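The chain contents come next:
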Amino acid sequence: MRLRALHLENVRRFVGQRLSVTGIGDGISVIAEPNEFGKSTLFDALHALMFAKYSGKPAAVSSLQPYAGGAVGVSADVETDAALFRVEKRFMSRPMARVVRLSDGAVLAQEDAAESWIAAQLGIDGKGPAGMLWVRQGQLGLDPEKPADQVEQTETRRDILSSVAGEIDAMTGGRRMDRVRRRVAAALAELTTATGRPSGEWKVARETLERLNADFAAIDARATALADKLAGRTATEALQRRLDTPDADARRRAARTEAQAALEAAQAHAGKLRSAEMARDLAASEARRTREELDRFLTALETVENATRAARESHARAQDAAHEVTARKAALDAAQAANDAAATTLEAARRAHDSTRAQIAARKAGERAAELAARLQQVETARTAQETANARLRASKATPDWLARVESAESDLAAATAAAMAQAVTLRLDYDGDARVLRDGAPLPGATPLPLEGVQVLTLPGIGTLTVQAPVGGDSGAEPLRHARTARDALLAEAGAESLAHARALAADRAEAARNRDGAKALLTTLAPDGDARLRAALAEAQLAAEGADDTTLPPLDSLEAALSAAQAEAARSHDSLTLARDAHSDARADASAAAAHAAADTQARDAARSATGPEAEQASRRADLLRTCATADAALTTAQGALDTLAADAPDLATCEAALERAEAALQTAAAQRQQTAQRLAELSAEIRAMAGEGIEEARDTLAEELQTARTTEARLARRAAGLTRLRNALDDARAAAQDSYFGPVQAELAPLLAILHRDAALSFDSDRLLPDGLTRTGTAERFDALSGGTREQIAVLTRLAFARLFARQGRHLPIVLDDALVYSDDDRITAMFTALTRVARDQQIIVLTCRQLAFQDLGGIRPQISVSDL
């Protein structure tokens, strides 16, 4: 069974949350999280899932419930040889248990059937070996705390050892042996005093032996102390080397030694390679020398003939080149005269063309000045219009908003008037001619009902007056009318308007002023986009450029340009001809010089070649000698190169070896303060060792050992009367040891390679009743398990569980090993060794490590499962 995922719901600090751990692999899976993250919660929840009944509420289960209460849910995805399953349990509230096959979602078992399914996977009636394979936080020993758990786990160990060893009766026989040994001891006591001590001569021999034993123990203790100090010095030296590394990594601690050895081997090989290279280089140098001497001789022979022929040909070429120089000089003089004439013609054409173009430009500048002056006049006109419009706008209060408020007040007045007329006496006048009825000197409008209230005196032009007595209405109609009229009149007064029509006229006049302003602004933007100053500056520039303009008749510009182009073309042609003539003359002179130099060189080479070949009669024999010498040197070079290639093929990379050593040595520069302390401690130990060595402890122990051996021999001779019983006792001891070896053999076989990773030549002894290690023997010294340091006991406890896990796996019962913050008492060297042991077992064993030591456990490797927390 292998664990693939674990899910917790509403467990301890994860109240109302779901904690999921997924991606648990086959080998080592490390859950490295800080303190109080919940690693022990994961351990306890998994233990409850596998071993606590879903309906029970023991302390181990109730401790999982958060303070807020509620149901506690734990589920795990487990993989067996059959399929992948999910085991689920809910504790405390609405308890339940079930097993689901994840491939199709089928529920295989529920409640008690689910508990039975889990028990079948764990084996041994559901109790299983988990207590042997799981290490809780802070657990140093091998036995659990509760006596019942101790008995249960002892029986589990007895079962697995008996099954594997096939010696289930061995321990039963061992108990019978104990009873026989007690009887033998009783019989042997008959040969001694009642207190069990020898008497007579045997007593003297025994006392002598005891005294020598005591003396030997004392001297041996001194020797052991010396050995301890030697070991301490060795350990201190090892610590000193470790302090020179950057991170106390075991592989890096060994790197310097390995790098030194590799470098020395590489240097030795490099020395051989350099010797071979020197031999090859000497052979190559000799081969080159002989080959060069031969080549020089053969080349000299050929050179004599070639140089003689070349000397004749080069002298002829030198004469031809001298004639060519003369001809090219005449052509150069003619080309120079033609070029001078063309340059004069070009200068005249350019002056005529440039003066005409300048006059044309001046006349265009005059036209431009006139156009700019007209535009400037328009700008000034537009500027005046803009300023006038701005003044009108500033003076007018008849804004569109004001007009809208006036029109709204007029509408309010019309509504108030209509309301008042609906309650008052009205007068309607329909005029036929121009005469108008007056009220208070103002004409009354026609075709419009007019309200009358109180005494109204109307003037009828040409007729007289008409007095109308109308009733006075209430405030319901007249007062709003007065307010509306007052508000309308106040708004009209803001802009000096007398009526709505006048207000609209004022608003229209203001809108026209705004349009005039905007039009003037747009015109200014068009006429002078860069401002008046730029326009005036452009006018001044144009006027200045037009100062040279006159009214003279100008020749056609195209004819001047054609003449200029023709003159330029002729000047270019004459210049090209001059360049060609100059180049040809220069080339001819260079050729003549070169031909003369070649002739002299060929003559010199011919003379030199003749001196190098020697007399013609000796040339054949000299050639043969040189060929033989060259062949011998080539053969020697081939032999030397072959030897060099053979060495080079097997040569280690010296630079890489040097770099590895440099890296290892560079790491030795750290921890200066600790290194000083270590060096001081090392000096102290060395001084103590020298002092103890001067006492001759080893020699004294050897002498005393000889005396002790003699005393033992004497004591043995005197004990012949008890020899039979002693031999019987020894035989029984041997038989008992053989039975125990057979019984504990499988677990010892699994433990041996793991223990060797921590302690070389070490062995564990087992308690025959508890079936657990009860002692450790190192360097010939036996130590009780409870006397070991906490770190060593912790390491042996983990290794023992690894060994039993291997035994379970051999029976086909693959169960995960779970370590909760184990190895907390291990130093850097030991924890690295334990990492190696875990990795060795993890090849075919699932190991789940829970730790808060995130940095230290980075070197363990393995898989880091994914952890997520979500709300329920």
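Predicted model only: the values in this text are computed from it and were never measured.

Calculation notes
- Residues numbered from 1 in each chain as written.
- Predicted model: local features only at pLDDT ≥ 70, side-chain atom pairs only at ≥ 80, totals over all residues.
- Heavy atoms only, no water.
- Pairing = 2+ DSSP bridges.
- Helix = DSSP H or I, 4+ residues; strand = E, 2+ residues; numbered from the N terminus.
- 1 Å grid on protein atoms, 1.4 Å probe; cavity = no way out; pocket = protein on both sides within 12 Å on 5 of 7 lines; lining within 4 Å.
- Points joined across faces, edges and corners; volume = space filled by probe spheres on them.
- Nonpolar A, V, L, I, M, F, W, Y, C, P; charged D, E, K, R; others polar.
- Expected span 1.5 Å × (residues − 1).
- Buried < 20%, exposed > 50% of the residue type's maximum accessible area, 1.4 Å probe, protein only.
- Contact = heavy atoms within 4.5 Å.
- Core = buried A, V, L, I, M, F, W, Y, C linked by side-chain atoms within 4.5 Å.
- Salt bridge = Lys/Arg side-chain N within 4 Å of Asp/Glu carboxyl O.

Draft legend 1. Inspection of the sheet that holds strand S14 (residues 464-470) at higher detail. Strand order in the open sheet made by the four strands is S11-S10-S13-S14, with antiparallel pairing throughout. Edge strands, defined here as strands with exactly one partner in the open sheet, are strand S11 (442-443) and S14. Examined bridge by bridge, strand S10 (residues 438-439) and S11 share two bridges and lie antiparallel to one another. In the strand pairing of S11, leucine 438 is matched with proline 443.

Draft legend 2. Up close: empty space enclosed by the protein. Evaluation of the coordinates by the stated rule reveals four cavities of 30 Å³ or more. The computed volume of the largest cavity comes to approximately 70 Å³. Every residue lining the largest cavity is listed: Leu3, Leu6, Val21, Ile24, Ile31, Leu42, Phe43, Leu46, Val818, Ile848 and Leu850. Every element with two or more residues in the lining of the largest cavity is listed here: strand S1 (2-11), helix H1 (39-51) and strand S19 (847-851). A class-by-class count of the residues in the lining of the largest cavity yields 11 nonpolar, no polar and no charged.

Draft legend 3. Molecular detail of helix H3 (residues 111-122). Here H3 contains 12 residues, and its C-alpha end-to-end distance of 17 Å stays within 8% of the 16 Å for a straight helix at 1.5 Å per residue. Buried within H3 we find Ala114, Glu115, Trp117, Ile118, Ala119 and Leu122. The inward-facing, buried residues of H3 abut H1, strand S4 (72-79), strand S5 (84-91), strand S6 (96-101) and strand S7 (106-110).

Draft legend 4. Representation of the environment of alanine 76 in the model. Tracing the backbone shows alanine 76 in strand S4. Take alanine 76: its relative accessible area is 0%, and that puts it in the buried class. Alanine 76 sits 68 residues away from leucine 8 along the chain, and the two C-alpha atoms are 8.8 Å apart. Once residues within four sequence positions are removed from consideration, alanine 76 is found in contact with Leu3, Ala5, Leu6, Leu49, Phe85, Arg86 and Val87.

Draft legend 5. Structural view of the nonpolar core. The biggest cluster of nonpolar side chains holds 42 residues, and the ones touching the most others in it are Met50, Val74, Val78 and Phe91. Those elements giving two or more residues to this core turn out to be S1, strand S2 (14-22), H1, S4, S5, S6, H3 and S19. Element by element, the count of residues in this core is highest for H1, at seven residues. Discounting chain neighbours no more than four positions away, the residues touching valine 74 are Leu6, His7, Val11, Ala45, Leu49, Val87, Glu88, Lys89 and Phe91.

Draft legend 6. Molecular detail of the pairing of S4. For S4, a buried count of seven out of eight residues is recorded, marking the element as mostly surrounded by other parts of the structure. In this structure, S1 lies alongside S4, joined through seven bridges in antiparallel fashion. Paired with leucine 6 across the two strands is alanine 76, which belongs to S4. As judged from the eight bridges shared by S4 and S5, these two strands associate in the antiparallel manner.

Draft legend 7. Here's a closer look at the pattern of salt bridges. Here the structure, examined in full by the defined rule, presents 36 salt bridges. Note that arginine 289 and glutamate 286 form a salt bridge whose closest N and O atoms lie 2.6 Å from each other. Remark: glutamate 286 and arginine 289 occur in helix H8 (residues 250-395); sequence separation between them is three residues, near one turn of the helix. Under the relative-accessibility criterion, arginine 289 is labelled partly exposed at 39%. Accessibility expressed as a relative area gives 34% for glutamate 286, which makes it partly exposed. Measuring nitrogen to oxygen at the nearest pair gives 2.6 Å for the salt bridge that ties arginine 392 to aspartate 509. With a gap of 117 residues between them, arginine 392 in helix H8 and aspartate 509 in helix H11 (residues 500-527) connect regions that are remote in the sequence. It is possible to trace a salt-bridge network through shared partners that takes in Arg2, Arg4, Asp26 and Glu79.

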